[in-house]
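Residue strings, one per chain:
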Amino acid sequence: MSFMLDDVGLTHSNGFTALSHISLYATQGESIALIGPSGAGKTSLLSTIGTAYLPTAGRMQVLGQTVSAQSAARELKALRSRIGTVHQAAPIPLRQRVVTAVLAGKLGQWPMWKALASLAYPQDIAGARQALARVQLDDKLFARCDQLSGGQLQRVGIARVLYQQAGLILADEPVSALDPALSQATVQLLVQEAAARKATLVASLHAVDLALANFGRIVGVRDGRLAFDLPAAQVGDTQLQALYAHADGRAADLPMLHNRLAQSDLVSAAPTPIQVNACR
């Protein structure tokens, strides 16, 4: 079992309940897509699985370790080093070099002396270059992050997780700044990376057809609860219209990938395929 949430709830200190009665599990090597309207709780759910938030109700285990509000800080730090997170807006210092940003994926696994040394001189340039090549950015190895577009920064964040080789990969809208063709290739890369290493992948996606085309299991989230947990082949118009319906019950336009405008400068009529072989 990669993770298990049993009737988990999350209530913030201001009294806002972000998650209620969440029961969800994943076996090792499984890939799951989270879909749902904005503000449904997808990011809160990913943050809880990744232990950035600790559950305020229920039981949770991640990578064989029980996690609760009473978990020791040292235990949580060690656990988090085994979890790779792709953020919608990668938390990368803009004055940092790309190579350093990618190598940061293993800072939690390296001894302190190596982590500090890598800030002065990158400790594994070849490894960083290989990870960047898989997202078509090896030519940016020594560029400063403030010289990159939003889409390129998002792919640097993905390269960092590929380099980390985590047992659990959590991706929060990982392709929101990419054009449709590159979005498809990047999601395929994440899914195939997880399959090749038998890692677990959970990704929240705005584009419904991108989720249905690449993931075998789809979890719908609405109002901080699970609306459904189904094989992709069983997710149809009935489930989707109910998931995205307006509060007054009116049907909503589904957020499909082919209707989404590209948000970056990476649009290409014939993009170079992203490499999907596992990084070694």
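Residues numbered from 1 in each chain as written. Predicted model: local features only at pLDDT ≥ 70, side-chain atom pairs only at ≥ 80, totals over all residues. Heavy atoms only, no water.

### Focus on the overall build of the protein chain
Line of reasoning, step 1. Along the protein chain, the regular secondary structure elements total nine helices and 10 strands.
Line of reasoning, step 2. Its C-alpha atoms give the protein chain a radius of gyration of 19 Å, within 12% of the compact-globule value 19 Å for 280 residues.
Line of reasoning, step 3. When its C-alpha atoms are laid out on the principal axes, the protein chain stretches across 55 × 50 × 35 Å.
Line of reasoning, step 4. Counting the 280 residues in the protein chain, one finds 52% classified as buried.
Line of reasoning, step 5. Long-range contacts, defined as pairs at least 24 residues apart, comprise 69% of the intrachain contacts of the protein chain with a sequence gap of at least 6.
Line of reasoning, step 6. About 12900 Å² of surface is accessible on the protein chain, with carbon and sulfur atoms providing 52% of the total.
Line of reasoning, step 7. Taken as two groups, the 24 positive and 19 negative side-chain charges of the protein chain have centres that lie 10 Å from each other. (Helix = DSSP H or I, 4+ residues; strand = E, 2+ residues; numbered from the N terminus. Rg over C-alpha atoms; globule rule 2.2 N^0.38 Å. Buried < 20%, exposed > 50% of the residue type's maximum accessible area, 1.4 Å probe, protein only. Contact = heavy atoms within 4.5 Å. Areas by Shrake-Rupley, 256 points an atom, 1.4 Å probe, with all protein chains shown as cover. Lys, Arg positive; Asp, Glu negative; His and termini not counted. Charge placed at Lys NZ, Arg CZ, Asp CG, Glu CD.)

### Quick notes on the pairing of strand 2 (residues 17–26)
When a strand is regular, its side chains alternate between the sheet's two faces.
Line of reasoning, step 1. Pairing geometry for strand 1 (residues 3–11) and strand 2, over six bridges, is antiparallel. Directly across from leucine 5, in strand 2, lies its bridge partner leucine 24.
Line of reasoning, step 2. Here strand 1 folds back onto strand 2, and the loop between the two strands holds five residues, one of which, glycine 15, carries a positive phi near 95 degrees. (Pairing = 2+ DSSP bridges.)

### Overview of the sheet that holds strand 7 (residues 168–172)
Line of reasoning, step 1. Reading across from one edge, 6-7-8-3-9-10 is the order of the six strands in this open sheet, with mixed pairing throughout. The sheet terminates laterally at strand 6 (83–86) and strand 10 (225–231), the two strands that pair on one side only. Mean inter-strand twist for the sheet, computed between neighbouring axes without regard to direction, equals 15 degrees.
Line of reasoning, step 2. As paired strands, strand 3 (residues 31–35) and strand 9 (residues 217–222) are joined by four bridges and run parallel to one another. What sits directly across from isoleucine 35, in strand 9, is glycine 220.
Line of reasoning, step 3. In the packing of helix 6 (residues 150–164) onto the sheet, the strands contacted are strand 6 and strand 7, and the crossing angle to strand 6 comes to about 170 degrees.
Line of reasoning, step 4. Set on the sheet, helix 7 (residues 180–197) makes contact with strand 3, strand 7 and strand 8 (200–204); between it and strand 8 the angle comes to about 160 degrees. (Axes fitted to C-alpha atoms, helices over the stretch in contact; angles between N-to-C directions.)

### Focus on the confidence of the model for the protein chain
Line of reasoning, step 1. Per-chain confidence: the protein chain averages 89 in pLDDT, with 90% of residues scoring 70 or above.
Line of reasoning, step 2. Across residues 258–273, confidence stays below pLDDT 50; counting only partners more than four residues off in sequence or on other chains, it has 27 contacts. (pLDDT = per-residue confidence, 0-100.)

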